[in-house]
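# Structural description and commentary
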Amino acid sequence: MRLTRRFLAAGLAAAVAAPAAAQTNVTLTHALPLDSHYGVGAVAFKETVERLTNGRYRVTIQRNDNEREAIEATQIGTQEFTITSTGPVGNFVPDTLVLDIPFLFRDYAHARGVLDSAIGQDLLAKFSARGLVGVAWMENGFRNVTNSRREVAGPADVQGLKIRTMENPVHMRAFQTLGALPTPMAFSELVPALQQGTVDGQENPIPVIVANNLNQVQRYLSLTRHVYSPAVLIGNPAFWNRLNSADKAAFQEAAKAAVKANRDRVTADEQRGVTLLRERGMTVRESVDTAAFQAALAPAFEQYRRQFDAALIQRIIDWKPGS
Ligand code: EAX
């Protein structure tokens, strides 16, 4: 008799638990600490997905600071989403490399405007032919040079420096053209390489320098703002195409929430970053000879014009709000 009651109870429990069993786990990775511009974006995505799907989808956020590996895992489907800088994306979706051209974007409003425009949406659509889903443009920020050897005021100060770059041919060409020694590597290898002196310096946006305490392994920061670094939320096609239209709309809404949280955090980090990094002991140079950097990069720019869609480059440069 008691057994029957227990099985009944178990049967009942199973019936009640049925919804949880129907829950789908979704993995999203990114390369940075939780307390970062990627971290807040990922959390906004998770919370919005779980709210709009009443918990039918549960998002697990994990850190993988090898962005190329994370893109590969999203492509083959061992995870469903990743937030990554465009650094290694060009190796998968070459159309995006045009966005990595130094000094292409004037400021955050220009960059965000272009990425939210038809230009950005057309580039996102290119991901599907490469076995990926370009869900939304997010943001890493304007990149700046740091190093442990000397203050950088102009291109001459970069000459001969061993600079870690992302695995990105556009960035590597730029630093070669400046006479530096670019060393491409994944973010996961950066701090040990700086600690061991394998490289003298690196370049990243202030939000990344702050979130990863790069002040602990770098002495000098110069606000070169030499390139805008987009980020992108990428999805796995098989997972994405299985979503019904209501759930797809929920994931797209979540992506919008992620973009907003991410950009707001970049804006906040840009406002507080210099003071914070000085307090942490870094020597920060705010004024650099941007015109000299642009002039020194002119030969590289000519090559980019030949290598990429020159008309698209011009469209990006000419973009204005409302255009
Ligand atoms: O996307 O690799 C880099 O320097 C990136 O800026 C970092 O992984 C964040």
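Provided above is the structure to which this section pertains.
Note that the structure is predicted; figures quoted are calculated from it, not measured. (Residues numbered from 1 in each chain as written. Predicted model: local features only at pLDDT ≥ 70, side-chain atom pairs only at ≥ 80, totals over all residues. Heavy atoms only, no water.)

The next thing to look at is the site of the ligand. Residues in contact with the ligand, as listed here, are Y38, E67, S85, N140, R143, R164, M166, F187 and N204. A distance of 2.7 Å separates an oxygen atom of the ligand from a polar side-chain atom of Y38. Between the ligand and N140 there is a distance of 2.9 Å, counted from an oxygen atom to a side-chain nitrogen or oxygen. Contact with the protein chains removes 99% of the 270 Å² of surface that the ligand exposes when unbound. Counting atoms within 2 Å of the grid points, the majority share of the ligand lands in the largest cavity. Its residues assigned to classes, the shell around the ligand shows three nonpolar, three polar and three charged. (Near = heavy atom within 4 Å. Polar contact = N/O pair within 3.5 Å; in protein donor to acceptor, adjacent residues only side chain to side chain. Areas by Shrake-Rupley, 256 points an atom, 1.4 Å probe, with all protein chains shown as cover. 1 Å grid on protein atoms, 1.4 Å probe; cavity = no way out; pocket = protein on both sides within 12 Å on 5 of 7 lines; lining within 4 Å. Sits in = over half its atoms within 2 Å of the grid points. Nonpolar A, V, L, I, M, F, W, Y, C, P; charged D, E, K, R; others polar.)

Moving on: the pattern of salt bridges. Going through the model one piece at a time under the given rule, you end up with 15 salt bridges. Residue D200 pairs with R149 through a salt bridge whose shortest N-O separation is 3.2 Å. One end of the pair, D200, is in the loop between α7 (190-196) and β7 (201-205); the other, R149, is in the loop between β4 (133-147) and β5 (162-165), with 51 residues separating them in the sequence. Relative accessible area serves as the criterion here: at 8%, D200 is assigned to the buried category. Judged by its relative accessible area of 47%, R149 is partly exposed. For R225, the salt bridge goes to E270, with nearest N and O atoms at 3.9 Å. With a gap of 45 residues between them, R225 in strand β8 (residues 220-235) and E270 in helix α10 (residues 245-279) connect regions that are remote in the sequence. (Salt bridge = Lys/Arg side-chain N within 4 Å of Asp/Glu carboxyl O. Helix = DSSP H or I, 4+ residues; strand = E, 2+ residues; numbered from the N terminus. Buried < 20%, exposed > 50% of the residue type's maximum accessible area, 1.4 Å probe, protein only.)

What follows covers the packing of helix α2 (residues 37-52) against α10. Closest axis-to-axis distance for the α2/α10 pair is 7 Å, and the angle between their directions is 155°. Comparing the axis directions of α2 and α10 gives the class roughly antiparallel. For the element pair α2 and α10, the recorded crossing hand is right-handed. Every residue of α10 that contacts α2 at H37, Y38, V40, G41, A44, F45, T48, V49 and L52 is listed here: A250, F251, E253, A254, A255, A257, A258, A261, N262, R265 and V266. (Axes fitted to C-alpha atoms, helices over the stretch in contact; angles between N-to-C directions. Parallel < 35°, antiparallel > 145°, perpendicular 65-115°, else oblique. Left-handed = near helix turned anticlockwise from the far one by under 90°. Contact = heavy atoms within 4.5 Å.)

Quick look at the layout of surface pockets now. Looking at the largest pocket, its volume works out to about 170 Å³. Lining the largest pocket, in full, are L115, D116, Q121, L124, V135, A136, W137, Q252, A255, K256 and V259. Elements represented by at least two residues in the lining of the largest pocket include exactly α4 (108-116), α5 (118-125), β4 and α10. It is α10 that provides the largest number of residues to the lining of the largest pocket, a total of four residues. Classifying every residue of the lining of the largest pocket by side-chain character gives seven nonpolar, two polar and two charged. (Points joined across faces, edges and corners; volume = space filled by probe spheres on them.)

This part is about unusual backbone geometry. The backbone phi angle of N54 is positive, close to 50°, even though this residue is not glycine. Topologically, N54 is positioned in the loop between α2 and β2 (57-63). On the accessibility criterion, N54 (70% relative accessible area) is exposed. Positive phi outside glycine occurs at F103, with the angle close to 60°.

Before going further, it helps to examine the environment of F293. Summarising the element assignment, F293 is placed in helix α11 (residues 290-296). For F293, a relative accessible area of 3% gives the class buried. Note: C-alpha distance between F293 and K320 (27 residues apart in sequence) is 24 Å. Other than its neighbours up to four places away in sequence, F293 contacts F103, V152, A153, G154, P155, V158, L178, T224 and V288.

Now for empty space enclosed by the protein. Tallied over the full model, the rule gives two cavities of 30 Å³ or more. Roughly 140 Å³ of internal volume is contained in the largest cavity. Put simply, the parts of the chain that give the lining of the largest cavity at least two residues each are α3 (67-76) and β4. Residue composition of the lining of the largest cavity, grouped by class: nine nonpolar, three polar and five charged. Quantified by volume, the second largest cavity comes out at close to 90 Å³. Contributing to the lining of the second largest cavity are P102, V145, H171, A174, F175, L178, E203, T224, H226, V227, F293 and L297.

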